[in-house]
Amino acid sequence: MNEEQRRGSRHHHILTLYPAPDEDEAVERSTIPEVPKEHFGQRILVKCISLKFEIEIEPIFCVMALYDAKEKKKISEAFHFDLNSDTVKNMLRAQGGHPAPSTLARSAIFSITYPSPDIYLVIKLEKVLQQGDIGDSCEPYMVLKESDGIKNKEKVDKLRAQADQFCSRLGRYRMPFAWTAIHLMNIVNSMGTADRDSDSEGERKGTWNERKRKAFERLSVGDEVC
């Protein structure tokens, strides 16, 4: 019944009352969209070579990540790496088990989607939880040197014995120890400057490989400082 009522009052030629618009005067035109692509920005390869103090008495655990100082937030995943010697690692033998190979990486690639002068690479150091104030934990690293020989040998041995006890009881727990921040834009800008200098020298002499080798030799000094 409803179908018959709809058909009863239907105007079959109602669409012909409005003329079709010209193609040149179309109401809306669809433009071809751009092909989607990922914005990479810059990528930085960080290699962790060594971590050395004046004295070696306990394991130190390292973690690094990118931070935006202006936005006051962390902008990358945390990369954990272990630079302890085998002797120091044995202090955690009571925890049992062997570390997975995937946790022993010493290099990481950090992506900076939108480079900014406010981005820093923050490196944080942690140690096994121990009793006392953090100042007491840091003082031996600032006043003692193994190079002093017999003078401080007894103190260093005593600190190692205490650290061994803390590792056996609290080896699974961590406490903050130290931190530092590296301004990435200084490194990126120095890289670009070295490349431009090498290209200008290459106009006078040297192949492309030689120019690149000279550029990396210049950067080695900055790497040692970092």
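Residues numbered from 1 in each chain as written. Predicted model: local features only at pLDDT ≥ 70, side-chain atom pairs only at ≥ 80, totals over all residues. Heavy atoms only, no water.

- With an unreviewed UniProt entry as reference, the chain is termed Dedicator of cytokinesis protein 7, source organism Staurois parvus.

Regarding the confidence of the model for the chain
In step 1: For the chain, the average pLDDT comes to 80, and 78% of its residues sit at 70 or higher.
In step 2: Scored below 50 in pLDDT, residues 219-226 makes four contacts in the model with residues more than four places away or belonging to other chains. (pLDDT = per-residue confidence, 0-100. Contact = heavy atoms within 4.5 Å.)

Thoughts on the nonpolar core
In step 1: Counting 27 residues, the largest nonpolar core has Met64, Leu66, Phe79, Phe81, Phe110, Leu121 and Leu184 as its most contacted members.
In step 2: If you list the elements that add at least two residues to this core, you get β1 (42-47), β2 (60-68), β4 (79-81), β5 (107-112), β6 (119-128), α3 (134-143), α4 (150-170) and β7 (174-183).
In step 3: When residues no more than four places from it in sequence are discounted, the contact partners of phenylalanine 79 are Cys48, Cys62, Val63, Met64, Ala105, Arg106, Ser107, Ala108 and Phe110.
In step 4: Val88, Met91, Leu92 and Cys167 belong to the second largest nonpolar core, which has nine residues in total. (Core = buried A, V, L, I, M, F, W, Y, C linked by side-chain atoms within 4.5 Å. Buried < 20%, exposed > 50% of the residue type's maximum accessible area, 1.4 Å probe, protein only. Helix = DSSP H or I, 4+ residues; strand = E, 2+ residues; numbered from the N terminus.)

Some remarks on the packing of aromatic side chains
In step 1: Using the criterion set out here, one finds four aromatic pairs in the structure.
In step 2: Taken together, a centroid distance of 5.9 Å and an interplanar angle of 65° make the contact between phenylalanine 53 and phenylalanine 177 edge-to-face. Taken together, the residues span a long stretch of sequence, with phenylalanine 53 in the loop between β1 and β2 and phenylalanine 177 in strand β7 at a distance of 124 residues.
In step 3: The class of phenylalanine 53 is partly exposed, set by a relative accessible area of 35%.
In step 4: In textbook terms, an aromatic cluster arises when at least three aromatic residues are bridged by ring pairs, as seen for Phe53, Tyr141 and Phe177. (Phe/Tyr/Trp six-rings, centres within 6.5 Å; stacked < 30°, edge-to-face > 60°.)

Some words on the pattern of salt bridges
Any two side chains of opposite charge can pair if their charged atoms end up close together.
In step 1: Enumeration over the complete set of coordinates arrives at four salt bridges.
In step 2: For glutamate 3, the salt bridge is made with arginine 7, and the minimal N-O distance between the two is 3.5 Å. With glutamate 3 and arginine 7 both in helix α1 (residues 2-8), this residue pair falls four residues apart, about one helical turn.
In step 3: Look at glutamate 3 and you get partly exposed, because its relative accessible area is 46%.
In step 4: Each of the salt bridges in this network shares a partner with another, and the network as a whole consists of Lys153, Asp157 and Arg160. (Salt bridge = Lys/Arg side-chain N within 4 Å of Asp/Glu carboxyl O.)

Considering the environment of leucine 121
In step 1: Of note, leucine 121 is situated in strand β6.
In step 2: For the pair formed by leucine 121 and histidine 183, sequence separation is 62 residues and the distance between their alpha carbons is 6.6 Å.
In step 3: If we skip the residues at most four places from it in the chain, leucine 121 touches Val46, Met64, Ala65, Leu66, Phe110, Thr180, Ala181, Ile182 and Leu184.

Focus: the side chain of asparagine 84
In step 1: Following the sequence through the fold, asparagine 84 ends up in the loop between β4 and α2 (86-89).
In step 2: A polar atom in the side chain of asparagine 84 sits 2.9 Å from the backbone nitrogen of isoleucine 60.
In step 3: A polar side-chain atom of asparagine 84 sits 2.7 Å from a polar atom in the side chain of aspartate 82.
In step 4: If we ignore the near neighbours within four places in the chain, the residues touching asparagine 84 are Glu58, Pro59, Ile60 and Lys89. (Polar contact = N/O pair within 3.5 Å; in protein donor to acceptor, adjacent residues only side chain to side chain.)

Focus: the side chain of aspartate 68
In step 1: Within the fold, aspartate 68 resides in strand β2.
In step 2: Buried aspartate 68, no salt bridge; nearest opposite-charge side chain is lysine 73, N-O distance 6.6 Å.
In step 3: In contact with aspartate 68, other than residues within four places in its own chain, are Lys73, Ile75 and Asp118. (Lys, Arg positive; Asp, Glu negative; His and termini not counted.)

Thoughts on α4
In step 1: The end-to-end C-alpha distance of α4 is 30 Å, a good match for the 30 Å that 21 residues give at a rise of 1.5 Å each.
In step 2: Of all the residues in α4, the buried ones are Asn152, Val156, Leu159, Ala163, Phe166, Cys167 and Leu170. Along the axis of α4, the buried positions cluster into a sector of 95°, meaning they face one direction only. Facing away from the buried surface of α4 by more than 90 degrees, the exposed residues are Ile150, Glu154, Lys158, Gln165 and Arg169. (Expected span 1.5 Å × (residues − 1). Arc of directions from axis to C-beta.)

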